[in-house]
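Overview (structure and organization)
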Amino acid sequence: MDFKNKILNGDCIEVMKQLPDNSIAGCITDPPYNYEFIGRNWDVEEIKRRTERVQNSNTLVKNIPYGSGLAGGVRNERWYKKNRENILEYQKWVEDWGRELYRILKPGAFVFTFNSTRTIAHVQVGLENVGFYARDIIVWRRHSGIPKGLNVAKKLEKMGEENPERWEGWHSALRNEWEAISVVQKPLVNNYIETLKKYNVGLFKAKTEEGFQSNIIENVKRDKIEDFNIHVTVKPLELIKKLIDLSIPPIDGNVVIDPFMGSGTTALAAAELGIDFVGIEIVDEYCKIATQRLDNLKNRLKTEGEQQDIFSILND
């Protein structure tokens, strides 16, 4: 299968089954966070329906299609039981695609997986359960917006309760200022040097012009989103480029994969860095958006007379 520098439309598990063992140098991906979607249609219309429902909400995050873990409800025994069942089902789903990912990655290859602070531990454990070794959690410190959750004093005041001011400052959630990135690694071949010599992966490019990279990434500039890009959780291009540069040496034969490509940011970042990529996306409309973004990049580079190695990637 010719998979390099392609956006492949389909279920990532089925597509990855067609890729060779030990052929991919690393993975950077942003899978659906809301485990309520597991076993349901993950498509544009459903995401749009859920997103539109929260636009007038004071407690739900507006750029994320809500799931049961973000929604309200009576916190009775049934609610907590369903919440627990959902999160375990989500972890099993991570294991399902993680198994195929493990097979196709080179020994020593890293997997960077975005997720919420509530569920990142289950992503890490799910990937550990299929053979990966947990290395770190990277904190992406981003624009945090306004606090979400229940304002107890205001709620009690609306209910006509006495002395609601006693609870001034008490809320049901903290201001969310960071997003989690799980870092796991496929086991080495004996040691770092042997793995590096055989597979050209296994280490972090930790020293940069700014200094030694920590596990906190901040001050990432936000992109202007194109009008045609309807994806609701587009990651900054600069952030994905930083993760690729951190983990994948720009050596012939090194390919980065994103099994949940969305609108194609990982592909764009890889192309700009001159690294081969393979993107998998189940939603046909997102595949078209990713392809259009790559075409726009190609046209821009042609206009600006940019480096030839990027052209060769985009022309594959």
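That block above? That's the structure.
Cut-off values and rules
- Residues numbered from 1 in each chain as written.
- Predicted model: local features only at pLDDT ≥ 70, side-chain atom pairs only at ≥ 80, totals over all residues.
- Heavy atoms only, no water.
- Salt bridge = Lys/Arg side-chain N within 4 Å of Asp/Glu carboxyl O.
- Helix = DSSP H or I, 4+ residues; strand = E, 2+ residues; numbered from the N terminus.
- Buried < 20%, exposed > 50% of the residue type's maximum accessible area, 1.4 Å probe, protein only.
- Pairing = 2+ DSSP bridges.
- Contact = heavy atoms within 4.5 Å.
- Axes fitted to C-alpha atoms, helices over the stretch in contact; angles between N-to-C directions.
- Phe/Tyr/Trp six-rings, centres within 6.5 Å; stacked < 30°, edge-to-face > 60°.
- Lys NZ or Arg CZ within 6 Å of the ring centre and 35° of its normal.
- Lys, Arg positive; Asp, Glu negative; His and termini not counted.
- Core = buried A, V, L, I, M, F, W, Y, C linked by side-chain atoms within 4.5 Å.

1. Considerations on the pattern of salt bridges
- Counted under the stated rule, the structure contains 17 salt bridges.
- D96 is paired through a salt bridge with K92; the nearest N and O atoms lie 3.4 Å apart. In this pair, D96 and K92 both sit in helix α3 (residues 77–104), four residues apart, roughly one turn of the helix.
- By relative accessible area, which is 25% here, D96 ends up partly exposed.

2. Description of the sheet that holds strand β10 (residues 276–281)
- Overall, mixed pairing links the eight strands, which are arranged β1-β10-β9-β2-β3-β5-β4-β8 in an open sheet. In this open sheet, the two edge strands, each paired with only one partner strand, are β1 (6–9) and β8 (216–217).
- With four bridges joining them, strand β9 (residues 255–258) and β10 adopt parallel strand pairing. Counterpart to V255 in the pairing with β10 is D276.
- Along the sheet, α3 makes contact with β2 (24–29), β3 (105–115) and β9, crossing β3 at roughly 150°.
- Against the sheet, helix α4 (residues 120–129) engages β3, β4 (133–141) and β5 (178–185), with an angle of about 10° to β5.

3. Some remarks on the pairing of β5
- In terms of burial, β5 is largely enclosed, as seven of its eight residues are buried.
- Judged from the six bridges that link them, β3 and β5 form a sheet pairing that is antiparallel. Along β5, the bridge assignment pairs T113 with S182.
- With eight bridges connecting them, β4 and β5 associate as antiparallel partners. What sits directly across from V139, in β5, is A180.

4. Let's talk about the pairing of β2
- Taking burial as the measure, the six residues of β2 include six buried ones, the bulk of the element.
- Inspection of the sheet shows β2 paired to β3 by five bridges, in the parallel sense. Within the sheet, the bridge partner assigned to T29 lies in β3 and is T113.

5. Regarding the packing of aromatic side chains
- In the structure shown here, the tally under the stated rule is ten aromatic pairs.
- Between Y90 and W93, the aromatic rings sit 5.5 Å apart at their centres with planes inclined by 35°, giving tilted as the arrangement. Taken as a pair, Y90 and W93 lie in helix α3 at a separation of three residues, close to a single helical turn.
- Owing to a relative accessible area of 0%, Y90 belongs among the buried residues under this scheme.
- An aromatic cluster is defined as three or more aromatic residues linked by ring pairs; in this entry it consists of Y90, W93, W97 and F260.
- Lying across the ring of Y102, K186 places its NZ or CZ 4.8 Å from the centre.
- It is K235 that lies over the ring of F114; its NZ or CZ is 5.1 Å from the centre.

6. Points about the side chain of E281
- Locating E281 in the fold gives a position in strand β10.
- Despite its burial, E281 pairs with no opposite charge; the closest candidate is R293, at 10 Å N-O.
- With near-sequence residues (within four places) excluded, E281 lies in contact with L8, N9, G10, P259, F260, M261, G262, Y286 and C287.

7. Brief notes about the nonpolar core
- Of all hydrophobic cores here, the largest spans 36 residues; its most connected members are F112, F114 and I244.
- Sorting the residues of this core by element identifies β2, β3, β4, β5, α7 (237–247), α8 (265–273) and α9 (284–304) as the ones contributing at least two each.
- No other element matches α7, which puts six residues into this core.
- What I244 contacts, discounting residues up to four positions off in sequence, is I28, V256, T266, A269, A270, L273 and I275.
- Within the second largest apolar cluster, 28 residues are counted, among which are F3, L8, V94 and W97.

It is worth stressing that arrangement in space is one thing and function is another; only the former is reported here.
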